[in-house]
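# Examination of the molecular architecture
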Amino acid sequence: MDTQKIEINLLFEALKQRYGYDFKDYSFETARRRVLQQVALMELDSINSLQRLILNNSDAADGLVKALSINVTEMFRDPEFFLILRNRIMPRLTGRDHLKIWHAGCASGEEVYSMAILLKEEGLYEQTTIYGTDFNGPILDTAKAGIIPMGQMKKNIYNYQGGGGSRDFADYYHARYEGVVLSSALKKNIVFSLHDLARDDAFGTFEMIICRNVLIYFNHRLKDRVFKLFKDSLGTGGYLCLGSHESIPAGRFNKYFKVIDADMKIYQKTAN
């Protein structure tokens, strides 16, 4: 094992022991790149210096956790994914008394609010509870606030229209200072809460689980853990949405699912 990998492992062990965050099963190359970026940003001379700093400085630890978190998102990201949900999946959910949808690794919540808008337009919002979870507390606070920088709205509106939206997107927010605040009507059936895919267990049975572009940052051991968690958390007939960059690996788990859309990696659970 090379010296740098040992240093990063020790850094992650310190982060886990001191603050409870567990990054040991993240993709090493991704972790290495982000750790080194943080070392440079903080003008430190080594990974060991960063380890010593975070053990005694919670703000530095928060900065490292933020750097390691997966926070790149936008509303209606990959519009074709939402178009498939709108046209092919939502009609299959119509008529159910209650729906539970889990966005795992929701980051700052844009995808959660996108789902809320889609459900409203398809007449399913009132009977749905949406759970948005992430291991990063500060980023969840951002999600709960539902404030989006004004500079992102042009892209968000473009995505919304590409995802089949036909209403005035301005109906879902109001302007405030340098950003927009999403409507409280979108928030009433959303529950944001802490959940760490690396450590925490199932907390319910869902009709749909969405975890897009998150698993690409995990190693095989952590992916296996998460796929088992998702399998156990979906009711038979429920949908697992992984996004275009990830798929259920052949072998241990794919026997429980059938492919609904191969490009957007949408699956339906067929058995327990």
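Residues numbered from 1 in each chain as written. Predicted model: local features only at pLDDT ≥ 70, side-chain atom pairs only at ≥ 80, totals over all residues. Heavy atoms only, no water.

## Quick look at the sheet that holds strand β7 (residues 206-210)
One open sheet holds the 7 strands; their spatial order is β6-β2-β1-β7-β8-β10-β9, and the pairing between them is mixed. In this open sheet, the two strands that pair with only one neighbour each are β6 (190-194) and β9 (257-261). The mean angle between the axes of side-by-side strands here comes to 20°, regardless of whether they run parallel or antiparallel. As paired elements, β7 and strand β8 (residues 234-241) share 4 bridges and run parallel to each other. Considered in β8, the bridge of I209 is made with L240. Across the sheet, helix α7 (residues 137-145) touches β2 (128-134) and β6, and the angle it forms with β6 is around 170°. (Pairing = 2+ DSSP bridges. Helix = DSSP H or I, 4+ residues; strand = E, 2+ residues; numbered from the N terminus. Axes fitted to C-alpha atoms, helices over the stretch in contact; angles between N-to-C directions. Contact = heavy atoms within 4.5 Å.)

## A short note on the sheet that holds strand β4 (residues 173-176)
Pairing in this open sheet of 3 strands is antiparallel, and the strands run β3-β5-β4 from one edge to the other. A strand with exactly one partner marks an edge of an open sheet, and here the two such strands are β3 (147-149) and β4. Within the sheet, the average angular offset between the axes of one strand and its neighbour, ignoring direction, is 30°. Relative to strand β5 (residues 179-182), β4 runs antiparallel, the two being bridged by 4 bridges. Bridge pairing links Y173 to L182 in β5.

## Notes on helix α3 (residues 47-56)
For α3, the set of buried residues is I47, S49, L50, Q51 and I54. Buried residues belonging to α3 abut α1 (3-19), α2 (28-41) and α4 (58-68). (Buried < 20%, exposed > 50% of the residue type's maximum accessible area, 1.4 Å probe, protein only.)

## A closer look at the side chain of S49
Locating S49 in the fold gives a position in helix α3. Its relative accessible area of 11% is what places S49 among the buried residues. Separated by 3.0 Å, the side chains of S49 and S46 make a polar contact. (Polar contact = N/O pair within 3.5 Å; in protein donor to acceptor, adjacent residues only side chain to side chain.)

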